[in-house]
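Spelled out, the chains give:
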Amino acid sequence: MSIQVSLVNKFYNQQQALTEVSFEVGKGEIVGFLGPNGAGKSTMMKILTGFIKPSSGEVIVDEIDVLTSALEAKKNIGYLPEHNPLYADMYVREYLHFQAAIFKVEKTQIEACIDKVGLSLEAHKKIHQLSKGYQQRVGLAAAILHNPTVLILDEPTTGLDPNQLVEIRTLIKELGKEKTVLFSTHIMQEVEAVADKVIILNKGNIVFKTDMNQLKATNKSLEMLFREVTSS
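All of the points below concern the structure found in this document. Every value quoted in this text rests on a predicted model; they were computed, and no experiment measured them.

The antiparallel open sheet is built from four strands, whose spatial order is β2-β1-β4-β5. The strands lining the two open edges of the sheet, one partner per strand, are β2 (15-25) and β5 (64-65). Note: strand β1 (residues 3-12) against strand β4 (residues 56-61), five bridges, orientation antiparallel. The residue bridging Gln4 from the neighbouring strand is Ile60, located in β4. Here helix α1 (residues 41-48) sits on the sheet in contact with β1, β2 and β4, set at roughly 120° to β1.

Dropping the structure here:
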């Protein structure tokens, strides 16, 4: 398994954000991670990437314990946070060179990533000159720069117009051919279009998880199912 989460709890003072969350993601799978606002999705993703620690539980990424070996685990993880943290006054290629220096990545990898995410014609521009869709591509390029095996993408299509959304969705599907991808979104069609599995979180609890093929066999739309399991 690429990701193994077992009985994870997270408290912020007296408030419990996650309650005994457990799930697995196999190698090469694309998994949609869904839930209403405040369900705990971003908290779980920050725990997976080693940015925060759970109050209890176990988190394994590529057979590395994230809680005891966070730095080692991060070498195998690419992370795009919900609020893409870019240096807007830097040029695209300059920013990726900066990121490559942090990860000690060969410069040839920079051009490969620029090409892979479709930034070749924009790489000479400053980041603030780019559309939101292209800024998301910069974030994705930075996330895959060190060639991680696992990608954690927190709402990668937020704020995109329909054309940009399709472009990023296609890119995620392409990346999923060679990497394990866990991504959160509020767009059900996005999950139906690219995901192999879906996990739904509500009020810090996993309330549903299934293979997308099994879901299709029920003749229920993902939106209908989402409303059923999160409306209480």
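Of all the five residues making up strand β3 (residues 30-34), five are buried; the element is thus mostly covered by neighbouring parts of the structure. Across four bridges, the pairing between β3 and strand β8 (residues 180-184) is parallel. Following the sheet pairing, Phe33 is matched in β8 by Ser184. Relative to strand β9 (residues 197-202), β3 is paired through four bridges, and the arrangement is parallel. Counted as the bridge partner of Val31 is Lys197 from β9.

Take the packing of helix α5 (residues 132-144) against helix α6 (residues 162-175) next. Between two packed helices, the angle of one axis relative to the other and the distance separating the axes together describe the packing. The N-to-C vectors of α5 and α6 enclose an angle of 15°; their axes lie 9 Å apart at closest approach. By the angle between their directions, the pair α5 and α6 is classed as roughly parallel. Read as a crossing pair, α5 and α6 show a hand that is right-handed. Touching Lys132, Gly133, Gln136, Arg137, Leu140 and Ile144 of α5 are Gln164, Glu167, Ile168, Leu171 and Leu175, all from α6. In terms of residue class, the contact of α5 with α6 is made up of five nonpolar, three polar and three charged.

Turning next to the environment of Ile168. In this fold, Ile168 is placed in helix α6. Taking C-alpha positions, Ile168 is 21 Å from Tyr91, a pair spaced 77 residues apart along the chain. Residues in contact with Ile168, not counting those within four places in the same chain, are Gly133, Gln136, Arg137, Leu140, Pro156, Thr157 and Leu160.

So, how was this worked out
Residues numbered from 1 in each chain as written. Predicted model: local features only at pLDDT ≥ 70, side-chain atom pairs only at ≥ 80, totals over all residues. Heavy atoms only, no water. Pairing = 2+ DSSP bridges. Helix = DSSP H or I, 4+ residues; strand = E, 2+ residues; numbered from the N terminus. Contact = heavy atoms within 4.5 Å. Axes fitted to C-alpha atoms, helices over the stretch in contact; angles between N-to-C directions. Buried < 20%, exposed > 50% of the residue type's maximum accessible area, 1.4 Å probe, protein only. Parallel < 35°, antiparallel > 145°, perpendicular 65-115°, else oblique. Left-handed = near helix turned anticlockwise from the far one by under 90°. Nonpolar A, V, L, I, M, F, W, Y, C, P; charged D, E, K, R; others polar.

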